[in-house]
Amino acid sequence: MPLVSSSCALTLDFAKFTGGEGVDAGPRDAGDGGDAALPDGCTLAPETCNGADDDCDGTIDEEPTECSVTHGVVECIAGACGLSMCDSGFADCDGDSSTCEAETRVDHGNCGGCTTPCGPVQSCNGGTCTNILEGWAIYLTGMSAVDYRAEALAAVTDGVIGAGQIFGSTNRLESIGLTPDPPSPQFWGPVYRLSSTGSIAWVKLIRNPSVGIEAIATDVTDNAYVVGVSSDAEDVIYDGSVLRNRTDGAGFIVAVDSAGSFRWGHHYGLVGRALDVAVGMDQDIWVVGQYQGELRVDGNAFPSETHPRGNFVVRQRSNAAIVFAVGFAEDDLPAQFVAVDAAGNSYLYGHSPDDFRVRSLGPDGAVRWNAVFACPGGFTGSKGIAVSNGVVMIAGSCSGDVSIGSDLVAPPFVAGLDAGTGNPLWNRANQSATPTERIAGLADGFLRVGTTGIDPVSFGFGDLPRPGGRDAFVEVLGISGAHRYGYLVGSNGSDQGTSAAMSRDESTLYVGGSASATMMFGGMSHINSTGGGDAFVAQLTR
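Residues numbered from 1 in each chain as written. Predicted model: local features only at pLDDT ≥ 70, side-chain atom pairs only at ≥ 80, totals over all residues. Heavy atoms only, no water.

## Focus on the overall build of the protein chain
Condition: Here a helix means four or more residues in a row that DSSP labels H or I, a strand means two or more in a row labelled E, and each is numbered from the N terminus. For the exposure calls, accessible area comes from a 1.4 Å probe over protein chains only, and a residue counts as buried if that area is under 20% of its type's maximum, exposed if over 50%, partly exposed in between. Contacts between residues were defined by any pair of non-hydrogen atoms, one from each residue, lying within 4.5 Å. Every accessible area reported is derived by Shrake-Rupley at a probe size of 1.4 Å, with residue values counting cover from the shown protein chains alone.
Counting secondary structure elements, the protein chain contains three helices and 40 strands. For the protein chain, the residues scored as buried account for 53% of the 542 residues in total. Excluding contacts between residues fewer than 6 apart, the proportion of contacts in the protein chain whose partners are at least 24 apart in sequence is 49%. Summed over its atoms, the accessible surface of the protein chain is roughly 21,300 Å², and 50% of this surface lies on carbon and sulfur atoms.

Pasting the structure below:
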């Protein structure tokens, strides 16, 4: 016999309540008398965990409305909510019964179960601690005083395609197999492909008096899309192919095939910058950036998207055909980064002087949701956005605490948002030892890269071997923000981490940046720099 509350037990007529003869068992709050279908003396209310049958269904404390837990199942026992069990792959390791916070498949500190940490140079994979195996490192220049960084990396079938920036004279470009034209000192943008063994498959060059490379993305057939900014009213030239500049400085995109051959390219403007690029599951391309006046894409004007200063998002087919082009006033959405999920929803991210802003668009460009996170201290800086398995991760920094949900988060920070609503899910504050420069989404987690401070780096699980000075770092996180593993790459000088990519099977990690001395990781020397500020790419296989 079901348990009932004391207020209902003496008068409960089960024939009447369950629809006996002559009684309509429809909604329990229906009937001629308003509550005629309810047990006598019982007042209908939402079920709560209090030892009573609030919803008058003959059962006490079933599915109370206030009992819930993240990644787990709760039950009501003796009038109090309690954790019954965690979902598979999660555990309650902090004693807070409101959450099953540890993602034990990938949690570095609780690998396979609570209080089972991995070592500082191990990763947690499938609940097992595994060693990170060293790979190789390569310098991309070899002359002194070269200002060159590996600005962007993207995975291809057997290695990575990268793009960077170099300032130098003729002999500096010849050191990587390029002959500049004209030969006078200026900025150039090398684009290159490295195999998984570290060999250079090809190197091409983007030319402009002051070209700036911002980002790169690749599709499933290893086509690459490079975006950036050109200065002055001169053309951008890629390996002999000319992108006619229609304004005084504009953002640009160059599309190349797997062999580095030019496919197509054009400018965005009027005056503007192309800041980020992403490729969707359908192989469409999303580009975001800044512009002034009328929005134009390869000469196609969009008069309705005119702003004195604005930011744009453009969706294009892999053959350059425009699906849509949308502009936003700069004070509405300062879009500087973009990510795309498997359903074709896009996520735009940027910063204004005193807040961070995220906007999600549907596949047709319609707004799905907006999220704003205030930083009254100002001096904000957005560092990237990525999406993985229903979670959006953002990174940023400012001069004061950031309001994320109900939390005041000390910068630099990373935070996870619900991809369907924009609501905050988690955050990691005060990443001052490892401020993020760039992030990327994985199949079930995230990747972030940046430059360390001079203090020891531990990610919370023991100091990592330091090459020396300031180093490039890379960290892999689960979708719950849990640390999976991290590593340092650099020389004994002052280095930078500017880019990272994971192989498509997620077994190999590539890190890019600049370094000025002997490249080291895993406590061992790998390759020497003959100059200062040389661009490097390192491979780590785990």
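## Some remarks on the confidence of the model for the protein chain
Worth spelling out the cut-off: As a per-residue quantity, pLDDT reports the predictor's confidence and falls between 0 and 100.
When the pLDDT values of the protein chain are averaged, the result is 79; 77% of them are 70 or greater. Taken element by element, the predicted model of the protein chain shows its lowest mean pLDDT in helix H2 (residues 14-17) (28) and its highest in strand E22 (residues 337-340) (97). A low-confidence stretch, residues 142-147 (pLDDT under 50), is modelled with 25 contacts involving residues beyond four sequence positions or located in other chains. Across residues 169-175, where pLDDT falls below 50, the model places 17 contacts with residues more than four positions away in sequence or in other chains.

## Quick notes on the packing of aromatic side chains
Quick note on the threshold: Stacked, tilted and edge-to-face are the three classes applied to pairs of Phe, Tyr and Trp rings, where Trp contributes its six-membered ring and a pair requires centres within 6.5 Å; stacked means planes under 30 degrees apart, edge-to-face means over 60, and tilted covers the rest.
Applying the stated rule across the entire model yields eight aromatic pairs. Aromatic side chains Tyr268 and Phe312 sit 5.3 Å apart centroid to centroid with 20° between the ring planes, which places their arrangement in the stacked category. Of this pair, Tyr268 sits in strand E17 (residues 262-269) while Phe312 sits in strand E20 (residues 300-316), and the two are 44 residues apart along the sequence. Take Phe312: its relative accessible area is 0%, and that puts it in the buried class. Taking the centre distance of 5.2 Å and the plane angle of 80° together, the rings of Phe356 and Phe413 count as edge-to-face. Placement of Phe356 in strand E24 (residues 355-361) and of Phe413 in strand E30 (residues 413-418) is noted, with a sequence separation of 57 residues between them. With respect to class, Phe356 is no different from Phe413; both count as buried. Taken together, Phe337, Tyr349, Phe356 and Phe413 form an aromatic cluster joined through their ring pairs.

## Comments concerning the state of the cysteines
Selection criterion: Any cysteine sulfur atom paired with another within 2.5 Å is treated as part of a disulfide.
Counted according to the given criterion, the structure contains six disulfides. Disulfide partner of Cys111: Cys124, at an S-S distance of 2.2 Å. As the torsion about the S-S bond is roughly 90°, the Cys111-Cys124 disulfide counts as right-handed. With a gap of 13 residues between them, Cys111 in the loop between strand E4 (102-103) and strand E5 (122-125) and Cys124 in strand E5 connect regions that are remote in the sequence. One exposure class covers both Cys111 and Cys124, and it is buried. Shown here is the disulfide that connects Cys118 with Cys129, its sulfur atoms set 2.0 Å apart.

## A closer look at the environment of Tyr347
How we decide: N or O atoms closer than or at 3.5 Å make up a polar contact, with two conditions inside protein: a donor-capable atom paired with an acceptor-capable one, and, for residues adjacent in sequence, both atoms drawn from side chains.
With respect to the helices and strands, Tyr347 occurs in strand E23 (residues 346-352). Through-space distance from the C-alpha of Tyr347 to that of Val367 is 10.0 Å; in sequence the pair is 20 residues apart. Among residues more than four places away in sequence, those in contact with Tyr347 are Phe337, Val338, Ala339, Asp341, Arg359, Ser360, Arg368, Trp369, Ile385, Val387, Val392 and Ala419. A distance of 2.7 Å separates a polar atom in the side chain of Tyr347 from a polar atom in the side chain of Asp341.

## Overview of the pairing of strand E32 (residues 436-442)
Successive side chains on a regular strand alternate, one facing one side of the sheet and the next facing the other. Selection criterion: Strands were regarded as paired on the criterion that DSSP finds at least two bridges between them.
Pairing of E32 with strand E33 (residues 445-451) involves six bridges; the strand directions are antiparallel. Its bridge partner lying in E33, Ala440 is registered against Leu447. Taking the residues that link successive antiparallel strands as the turn, the E32-E33 hairpin has two residues.

## Regarding the sheet that holds E30
Strand-to-strand pairing in sheets goes through backbone hydrogen bonds, with the strands running parallel or antiparallel. Going by this rule: Only the stretch in contact is used when fitting a helix axis, every axis being a line fitted to C-alpha atoms; angles between N-to-C directions are given from 0 to 180 degrees.
Read across the sheet, four strands follow the order E26-E27-E30-E31 without closing on themselves; strand pairing throughout is antiparallel. Here the strands that pair on one side only, and so sit at the sheet edges, are strand E26 (381-388) and strand E31 (424-428). The average angle at which neighbouring strand axes cross in this sheet is 20°, direction not considered. Where strand E27 (residues 391-397) meets E30, six bridges bridge the pair, whose relative direction is antiparallel. Bridge pairing links Val392 to Leu417 in E30.

## Considerations on the sheet that holds E24
Judged by pairing direction, the sheet is antiparallel, and its four strands sit side by side in the order E22-E23-E24-E25 without closing on themselves. Of all the strands in the sheet, just E22 and strand E25 (367-374) have a single pairing partner and so form its edges. If you compare each strand with its neighbour and ignore which way they point, the axes differ by 15° on average. Relative to E23, E22 is paired through four bridges, and the arrangement is antiparallel. Paired with Val340 across the two strands is Ser346, which belongs to E23.

## What about the pairing of strand E2 (residues 80-86)?
Two elements, strand E1 (residues 72-77) and E2, share six bridges in a ladder whose sense is antiparallel. Opposite Val74, over in E2, you have Leu83 as the bridge partner. What sits between E1 and E2 in their antiparallel hairpin is a turn of two residues, with Ala78 showing a positive phi close to 55°.

## Thoughts on the pattern of salt bridges
Under the convention used in this document: We define a salt bridge as a contact between a side-chain nitrogen of Lys or Arg and a carboxyl oxygen of Asp or Glu at a distance within 4 Å.
Per the counting criterion, the structure on display carries 17 salt bridges. The salt bridge partner of Glu103 is Arg105, with a shortest N-O separation of 2.9 Å. Residue Arg105 is classed as partly exposed on the basis of its relative accessible area, which comes to 33%. In this structure, Arg317 and Asp284 form a salt bridge, with 2.4 Å as the shortest nitrogen-oxygen distance. Residue Arg317 is located in the loop between E20 and strand E21 (322-329), and its partner Asp284 is located in the loop between strand E18 (272-279) and strand E19 (285-297); the two are separated by 33 residues in the primary sequence. Classification of Arg317 as partly exposed rests on a relative accessible area of 38%. With a relative accessible area of 3%, Asp284 lands in the buried category.

## Points about the nonpolar core
Note the threshold: As used here, the term nonpolar core means buried Ala, Val, Leu, Ile, Met, Phe, Trp, Tyr and Cys residues forming a set that is joined through side-chain atoms within 4.5 Å.
Ranked by size, the top nonpolar core spans 22 residues in total, and within it Val358, Phe373, Ile385, Ile394 and Phe413 carry the most contacts. Secondary-structure elements contributing two or more residues to this core are E22, E23, E24, E25, E26, E27, strand E28 (402-404) and E30. Not counting residues up to four positions away in its chain, the partners in contact with Val358 are Leu348, Tyr349, Trp369, Asn370, Ala371, Phe373, Ile385, Ile394 and Leu417.

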